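# What the coordinates show
Here are the chains, one letter per residue:
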Amino acid sequence: MNSAFSSQILAEKLSKLNSSQQSIETLSHWCIFHRRKAREVAETWGKQFRELPKEQRVPFLYLANDILQNSRRKGSEFVNEFWRILPGALKDIVEHGDESGRSVVLRLVDIWEERKVFGSRARSLGEELLGKDPPSDLAEKSAKSSQMVKVVRTIKSMLSQVPLFKSS
């Protein structure tokens, strides 16, 4: 594995990312190898994500998912860093993406909740997205949780306007 890391090298690798499992897993392993640079990885991911056309953003979510799930065994660096960036990315896909993108967001949120990727910080994220009331103590957990609750409420509101996601 190439031991050199820089934000520029990561940006180049991200520019070549596609939706194939091999592409996602290869870059995920490289990022995890450089877990001491988790903050730079997450910040570069976020910067590149914002610059992408909407149809190219889903592979970035799959990459973040792979990094999050496979890095947890080695530490929480990526979980903490992506927690700061993902709410905005999810909101952006829900607001500006297509139905497929919104579906991916919901599926990933369900996976993260089921596997407790973000621990108790996001334990009711899926319920909130699907229209159930969040636990009253969720908003009190931390400033980061408050930010996530606001984003989730926005996402819930937007999704309720899309026929596929309306609650019964």
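Scroll up to find the structure.
Residues numbered from 1 in each chain as written. Predicted model: local features only at pLDDT ≥ 70, side-chain atom pairs only at ≥ 80, totals over all residues. Heavy atoms only, no water.

Moving on to the overall build of the chain. Of regular secondary structure, the chain possesses 8 helices and 0 strands. Its helices and strands taken in sequence order, the chain reads α-α-α-α-α-α-α-α from the N to the C terminus. Taken over 168 residues, the chain has a buried fraction of 45%. Only carbon and sulfur atoms are counted for the fraction: they give 46% of the accessible area of the chain, which is about 9100 Å². (Helix = DSSP H or I, 4+ residues; strand = E, 2+ residues; numbered from the N terminus. Buried < 20%, exposed > 50% of the residue type's maximum accessible area, 1.4 Å probe, protein only. Areas by Shrake-Rupley, 256 points an atom, 1.4 Å probe, with all protein chains shown as cover.)

This next bit is on helix α5 (residues 77-96). The terminal C-alpha atoms of α5, which comprises 20 residues, lie 29 Å apart, in line with the 28 Å expected from a rise of 1.5 Å per residue. If you check which residues of α5 are buried, you get Phe78, Val79, Glu81, Phe82, Trp83, Ile85, Leu86, Pro87, Ala89, Leu90, Ile93 and Val94. (Expected span 1.5 Å × (residues − 1).)

It is worth spelling out the packing of aromatic side chains at this point. For the structure shown, the criterion picks out 8 aromatic pairs. Between the aromatic rings of Phe49 and Phe60, the centroid separation amounts to 6.4 Å while the plane-to-plane angle is 50 degrees, which identifies the pairing as tilted. Linking Phe49 in helix α3 (residues 38-51) with Phe60 in helix α4 (residues 58-71), this pair joins segments that are 11 residues apart in sequence. Like Phe60, Phe49 is buried. For the ring pair Trp83 and Phe118, a centre distance of 4.8 Å and an interplane angle of 55 degrees mean the geometry is tilted. Taken as a pair, Trp83 in helix α5 and Phe118 in the loop between α6 (99-114) and α7 (125-129) lie far apart in primary sequence, 35 residues in all. Grouping residues by exposure puts Trp83 and Phe118 together as buried. Put simply, the rings of Trp45, Phe49, Phe60, Phe78 and Phe82 touch in pairs and so form one group of aromatic residues. Here Lys13 stacks its cationic end above the ring of Trp30, 5.0 Å away from the centre of that ring. One residue, Arg57, lies across the ring of Phe49, its end atom 4.8 Å from the ring centre. (Phe/Tyr/Trp six-rings, centres within 6.5 Å; stacked < 30°, edge-to-face > 60°. Lys NZ or Arg CZ within 6 Å of the ring centre and 35° of its normal.)

All right, on to the packing of helix α1 (residues 7-15) against helix α2 (residues 21-33) then. The interhelical angle for the contact between α1 and α2, taken along N-to-C directions, is 165 degrees, at an axis separation of 11 Å. Judged by the inter-axis angle, α1 sits roughly antiparallel to α2. Both α1 and α2 take part in a crossing whose hand is left-handed. Counting all contacts with α1, which are made through Ile9, Leu10, Lys13 and Leu14, the residues of α2 involved are Leu27, Trp30 and Cys31. Here the residues of the contact of α1 with α2 sort into 6 nonpolar, no polar and 1 charged. (Axes fitted to C-alpha atoms, helices over the stretch in contact; angles between N-to-C directions. Parallel < 35°, antiparallel > 145°, perpendicular 65-115°, else oblique. Left-handed = near helix turned anticlockwise from the far one by under 90°. Contact = heavy atoms within 4.5 Å. Nonpolar A, V, L, I, M, F, W, Y, C, P; charged D, E, K, R; others polar.)

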